[in-house]
Amino acid sequence: MRWIVASAWPYINAVPHLGTLIQVLSSDVYARYRRKKGDSVVFVSGSDEHGTPIEIEAIRKGISPKELTDKMHSYVSDLFNRFGISYDNYTRTESPTHVKFVQEFYMRIYENGHIFEKETEQLYCPNDKMFLPDRFVIGTCPYCGYEKAHGDQCDKCGRLLNPTDLINPRCAICGAEPELRRTKHWFFDLPKFSDKLKEYIESNEQLPDNARSMSLSMIEDGLKPRSITRDNKWGIPAPFPGAEGKTIYVWMEAVLGYVSAVKEHFERLDKPEEFDEFWKGKDTKSIYFIGKDNIPFHTLIFPALLMASEGGYVLPYNVASTEFLLFEGEKFSKRERIGIWLDEALALLPADYWRFYMIYIRPETKDANFSWDDMVAKINDELNDTLGNLIHRVLSFIKSRYNGIVPNAQLDEESEEMLKEAKEIAGRIEDNLERVKLRDALKEFLEMARLGNRFFNSREPWRDIKENKPRADSTVVASFNLLKAMASYMHIFMPFSAEKLWRMMGLDGEPAPFSDAFNIVTEIQLREVEPLFHKVNKEELQERLEEIREKGEVLSARE
C-alpha cells in the first residue's frame, strides 16, 4: 500500500509554538507507524512563506521577504529535525518545483473552464496605502457574531468568508476603517463542484465527524467562488492572461504543496515516474494532519481543485483534524508570551519528553490544555517511573547477574502468557493508530510497560537466580524480549529514546518493524546501561524558561 502522509504547512513569519507541533508530531507518529507496518510512505510538508504577513515582518526587520524566509526556513527545518520529524521532504513554497507546479496546475484549471475573472470591490486601507489581504481585515462574523473574525475565515465557527462579508471591518495593521475600491481578480468556480464534493464527503467514512459535519453544512448553505489572486507582491506570480502584477493567494497555493512536495521528492531521487504512481495510483491513500480551523481548505477547496484539474489525482483519504491546544487555559499569544515556542522547548527538555506529553494530551475530540503541573506529573509518573523504571530494572539485572548476556533459555508457561498478553496490547496499539487515535495508542503502550513491571515484580528473579535458575532465566528472556518489542512501538512515539534503548540492549540497526517485534532472541551482549529518562521539576523548568527569555538564548526569545 502507498501512503502520502502530510502535515499542514507552518507559516514561518515566526518560530512555531507547541500548538503547531501537535500537527507536525501527529503526522510523524502516523508516518512512522505506516513504515513499521511495511507500507510505502512519502511524508511531506514545507514552509509556507508567501503573503503579506511575511512582507510586513520583513519591513519591520529591514530586510527583504526572501532574506527573512531563507533564514526562517532553515531555522524551522532544523527545529523539526531536532524533534525527530522524519519528513521525506520538508520543502518550501519558494521551491522552483512548487512555483512551476502551481502555475501549470492553475493554467490547466483555467483552460478547463473553472476559473473566471471579474472586477470586484476590495477593501483598501488609505492609511497603509494598500489593498488588504483577507487575513488583514478583522470584523464581526455575520454567522456567529464573533468580533475578531478574519476576512477569509471565522476562527470561532470555521465559516469561510470574504473580507466584504464582515460587519464593521477594520485594518488589522493599523485599526483604521478600510474603504472599498475596485480591482480585477481571478476566481475558482467552487460552487460548480458542490455535488461532487457532497458525494465525496458522504462516501468517505474515514473523515472525522467534525470535518464531515462542518463540510456538509457549508455545502448545504451554498459554496461561493473563491478568489485565487491577490494584489500583494510577495508570492507566486499569477499565470493567467492579463493578470500581470497579481500573485496567487497564499492559501490557494499552499494546499498544492502536498502535491508539489511529492513531485520534488521523486525528482531529487531521479525517479520522476514514481510521482504519478503515488499521486495517481488507485492503491494510494493520502492523509492530512491539520487543526480544525483548516478543515474547509482540506475537505472542500483542495479536493475541488484536484477534481478541476482533471489530472487523475487521488482525493484525500482522511483529514485528521484536531481541536485547539490551550496553554494554562489561555490561547497562545506571541505578543503576551503566553505559551512555549519550539526552540524554547528544546532548550528546556529533550525532544522525546515533548513528543511523549504532546501526544498524551493530543486534542482529538475536544480542546486540550497544556499544564506545567500535568506535564511534570506525566513525565515523572508515567515516562520515568513506569516506562523508564522497567527498562532500567531489567537491563541492570542482566548486567549484574548475567554478566550482561541474555541467557539461552526456554520460556515457561507464565512467561509465554505474558508475551501473549503483550501481543494483544500491541494489537490494540496498532488498531488505535490505524484509526488515528494516537493518544489512546500511547496509553496502550504504557499498559505494556505496566504489564512488564507486574511480571518482573511477581516473578522475583533476584530470588530465583539462587533457588530456581531456569525460572529466573525464563523471566529474563521474556522481559528482555518484551523490551525489544516495546522498542519497536516506542520508536514511533519517542524515536531517540527507542534507538538509545535498542543500542543499550546490544541490538544493531534500528528497532524492528512490527512484523518482527516479538521474534525471540537470546545470547545478546548488552552494551553500557544507563537510565533512559529522568524526573523533572516544575519550578526549575519555569526558572530556566525565564532565563532563556531574559538572555535571548533562542530566536523566538529575540523576536
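Residues numbered from 1 in each chain as written. Predicted model: local features only at pLDDT ≥ 70, side-chain atom pairs only at ≥ 80, totals over all residues. Heavy atoms only, no water.

K.L.:
When you look at the overall build of the protein chain in this model, what are you seeing that I'm missing?
P.N.:
Helix and strand counts for the protein chain come out as 20 helices and 16 strands. Dimensions of the protein chain, computed from C-alpha atoms along their principal axes, come out at roughly 90 × 55 × 40 Å. Of all 559 residues assigned to the protein chain, the portion counted as buried reaches 58%. The long-range fraction of contacts in the protein chain, counting pairs at least 24 apart against all pairs at least 6 apart in sequence, stands at 76%. Of the roughly 22900 Å² that the protein chain leaves accessible, carbon and sulfur atoms contribute 45%. (Helix = DSSP H or I, 4+ residues; strand = E, 2+ residues; numbered from the N terminus. Buried < 20%, exposed > 50% of the residue type's maximum accessible area, 1.4 Å probe, protein only. Contact = heavy atoms within 4.5 Å. Areas by Shrake-Rupley, 256 points an atom, 1.4 Å probe, with all protein chains shown as cover.)

K.L.:
Which parts of the structure should I look at to understand the sheet that holds strand 6 (residues 137–140)?
P.N.:
In a beta sheet, neighbouring strands are held together by backbone hydrogen bonds and run either parallel or antiparallel to one another. On the basis of which strands lie adjacent, the open sheet formed by 3 strands has the order 7-6-8 and antiparallel pairing. The two strands at the open ends of the sheet, each matched to only one other strand, are strand 7 (149–150) and strand 8 (167–171). Relative to strand 8, strand 6 runs antiparallel, the two being bridged by 3 bridges. Across the sheet, residue V137 finds its bridge partner in strand 8, namely C171. (Pairing = 2+ DSSP bridges.)

K.L.:
Would you mind showing me how to read the packing of aromatic side chains here?
P.N.:
Two descriptors summarise a pair of aromatic rings, namely the distance from one centre to the other and the angle between the planes of the rings. According to the stated counting rule, one finds 36 aromatic pairs in the structure shown. Look at Y288 and F302: their rings are 5.7 Å apart centre to centre, the planes differ by 80°, and that puts the pair in the edge-to-face class. Of this pair, Y288 sits in strand 13 (residues 284–291) while F302 sits in helix 10 (residues 295–309); the two residues are 14 residues apart in sequence, bridging distant segments of the chain. Relative accessible area serves as the criterion here: at 0%, Y288 is assigned to the buried category. Aromatic pair W354 and F370: ring centres 6.3 Å apart, planes at 20°, arrangement stacked. Taken together, the positions of W354 in helix 12 (residues 351–360) and F370 in strand 16 (residues 368–370) put the pair 16 residues apart, joining distant regions of the chain. Residue classification places W354 among the buried residues on the basis of a relative accessible area of 0%. (Phe/Tyr/Trp six-rings, centres within 6.5 Å; stacked < 30°, edge-to-face > 60°.)

K.L.:
What is the right way to read the pattern of salt bridges from this model?
P.N.:
Opposite charge on two side chains lets them pair, provided their charged atoms get close. Under the criterion given, the structure shown has 50 salt bridges. Across the pair D276 and K280 runs a salt bridge whose closest N-O atoms are separated by 3.6 Å. Residue K280 is classed as partly exposed on the basis of its relative accessible area of 32%. Put simply, D374 and K378 hold a salt bridge, and the shortest N to O gap is 2.5 Å. Of this pair, D374 and K378 are both found in helix 13 (residues 372–401), 4 residues apart, which corresponds to roughly one turn of the helix. Classification of K378 by relative accessible area gives buried; the value is 17%. Among the charged side chains, a network of salt bridges with common partners joins D412, E414, R459, D464 and R471. (Salt bridge = Lys/Arg side-chain N within 4 Å of Asp/Glu carboxyl O.)

K.L.:
What exactly am I supposed to notice about the state of the cysteines here?
P.N.:
Among covalent bonds in proteins, the disulfide is the one between the sulfur atoms of two cysteines. By the definition in use, this model includes 0 disulfides. As a non-bridged cysteine, C174 has C125 as the owner of its nearest cysteine sulfur, 3.6 Å distant. (Disulfide = S-S within 2.5 Å.)

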